Amino acid sequence: MNVPAFNRALRAEERAFDVLEKGGFLSADQILEHGIELVATRGERATTVTVHIGQDARFMVKLGAPQAQDWSRREITCHRVLHEADMSPAILPDLLFSDTHDAVLVTRLLAPARTLFDHFGDTALHGPPVLDALVSTLIRLHGLRIDPASRLPQAVPWVLSESPDAMADHLAPLFADAGDRAVVLESLAAGLVAWSPETLIHGDLKLDNCLLEDADGTEVRLRLIDWELAGLGDPVWDLATAVQEFLLLAPGGTPDDAQRAAGHLLETYIARADTTGGGKDALFERCGLYIGCRLVQSAFELASLETATAPRVQGAIALARDICADPARALAILFAARA
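Residues numbered from 1 in each chain as written. Predicted model: local features only at pLDDT ≥ 70, side-chain atom pairs only at ≥ 80, totals over all residues. Heavy atoms only, no water.

Some thoughts on the overall build of the chain
When you go through the chain residue by residue, the secondary structure sums to 13 helices and ten strands. Of all 339 residues assigned to the chain, the portion counted as buried reaches 48%. Within the chain, counting contacts between residues at least 6 apart in sequence, those at least 24 apart form 67% of the total. Here the chain has roughly 15,800 Å² of accessible surface; of this, 52% comes from carbon and sulfur atoms. (Helix = DSSP H or I, 4+ residues; strand = E, 2+ residues; numbered from the N terminus. Buried < 20%, exposed > 50% of the residue type's maximum accessible area, 1.4 Å probe, protein only. Contact = heavy atoms within 4.5 Å. Areas by Shrake-Rupley, 256 points an atom, 1.4 Å probe, with all protein chains shown as cover.)

Below is the structure:
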């Protein structure tokens, strides 16, 4: 679709309307008959505008921030790759329009839908139908055969690609013990060496980035949003991110629903994954390695929002330290996944 250039000087709601009108997604008759509501949510990388016409939710317009154009282009590229691959049923919102030059993405708004974080806030964490739907989504995504012409960006996590000296400085405020820092640095180095960019990965598979469309026990549909960190990467990183999300919900070190959910997710994915060229045990060990690395990144993320002594930060630090020190043993204890 050829769409005239958008006026970037407009505020977000006006610019979203401009995008939809010039793209032919809105008509004066629709607006006069049903009315229109635009609600903007401003973030560091983008402003997202939800557009409701009457009582119906219709569109999600994502406008990349000027200082984060690369992230927006990355997300748009991944949307296009999956759209062209005709992933049915869809694993991300329906793509309606995209413009890499102006960093504009228009998708169909999923409604009603809520994030897995919200869902598990109201429901028992160990819910196999929802967890199995997440595994199915990941297996389908990671099984995609990528066309070399798609020119997907690389998706190496920053926590692995940072130089050892710089990372040592970053770790010091969180891991006061020099021995713990050495263990973490060794684990991050091993994670970079083991990195295998095999397919398209989401790159930031937090529970807040997983939308649940239906969980009535008969059909569960999941779609993934916020693909700014996506690209060609190691599929185990997505699994590790999801698993550690549940671990961070678990208090202390006692088995509970959160840990059982993490264990179910890990074991189900490993059972279904294509391990051609490597066995299940090798995949389990790589999962342990990347769960530890991802927990280190989570400790940084949480510390940026809270103090380093906050319980959630300290919990992430303790888990990261224990799993980085001996990934297979730590996971076997947490999940009773191996004797």
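Some points on the environment of L331
Inspection of the secondary structure puts L331 in helix α13 (residues 327-335). Using a relative accessible area of 0% as the deciding quantity, one classes L331 as buried. Note: C-alpha distance between L331 and L289 (42 residues apart in sequence) is 9.9 Å.

Focus on the sheet that holds strand β1 (residues 36-42)
Here we have five strands laid out as an open sheet, ordered β1-β2-β3-β5-β4, and antiparallel in their pairing. The strands lining the two open edges of the sheet, one partner per strand, are β1 and β4 (95-99). Across this sheet, the average inter-strand angle for adjacent strands is 15°, counted without regard to direction. As paired strands, strand β2 (residues 46-53) and strand β3 (residues 56-64) are joined by eight bridges and run antiparallel to one another. For T48, the partnering residue across the bridge sits in β3 and is K62. Against the sheet, helix α1 (residues 12-22) makes contact with β1, β2, β3, β4 and β5 (104-108), and its axis sits at roughly 125° relative to β1, the strand it touches most. (Pairing = 2+ DSSP bridges. Axes fitted to C-alpha atoms, helices over the stretch in contact; angles between N-to-C directions.)

Things to note about the packing of aromatic side chains
The final tally for this structure, using the stated rule, is five aromatic pairs. Residues W237 and Y290 carry aromatic rings whose centres are separated by 5.9 Å and whose planes lie at 80° to one another, so their mutual orientation is edge-to-face. Remark: Y290 occurs in helix α11 (residues 280-305) and W237 occurs in helix α9 (residues 235-247); sequence separation between them is 53 residues. Here W237 and Y290 have matching classes, each one buried. Among the aromatic side chains, those forming a connected cluster through ring pairs are W195, W237 and Y290. Between the NZ or CZ atom of R45 and the centre of the ring of W71, over which it lies, the distance is 4.6 Å. (Phe/Tyr/Trp six-rings, centres within 6.5 Å; stacked < 30°, edge-to-face > 60°. Lys NZ or Arg CZ within 6 Å of the ring centre and 35° of its normal.)

A few points about the state of the cysteines
If you walk through the whole model with that rule in mind, you get zero disulfides. Looking at the unpaired C324, the closest cysteine sulfur is the one in C293, lying at 5.5 Å. When its relative accessible area of 8% is taken as the criterion, C324 is described as buried. (Disulfide = S-S within 2.5 Å.)

Some remarks on helix α12 (residues 311-325)
In a regular helix each residue adds 1.5 Å, so 15 residues correspond to 21 Å; α12 covers 21 Å between its end C-alpha atoms and thus fits that length. On its buried face, α12 sits against α8 (178-194), α9, α11 and α13. (Expected span 1.5 Å × (residues − 1).)

Overview of the side chain of S98
Here S98 lies in strand β4. Among the polar contacts listed, one links the side chain of S98 to the side chain of R80, at a separation of 2.8 Å. The residues contacting S98, other than those within four sequence positions of it, are I76, R80, V104 and L105. (Polar contact = N/O pair within 3.5 Å; in protein donor to acceptor, adjacent residues only side chain to side chain.)

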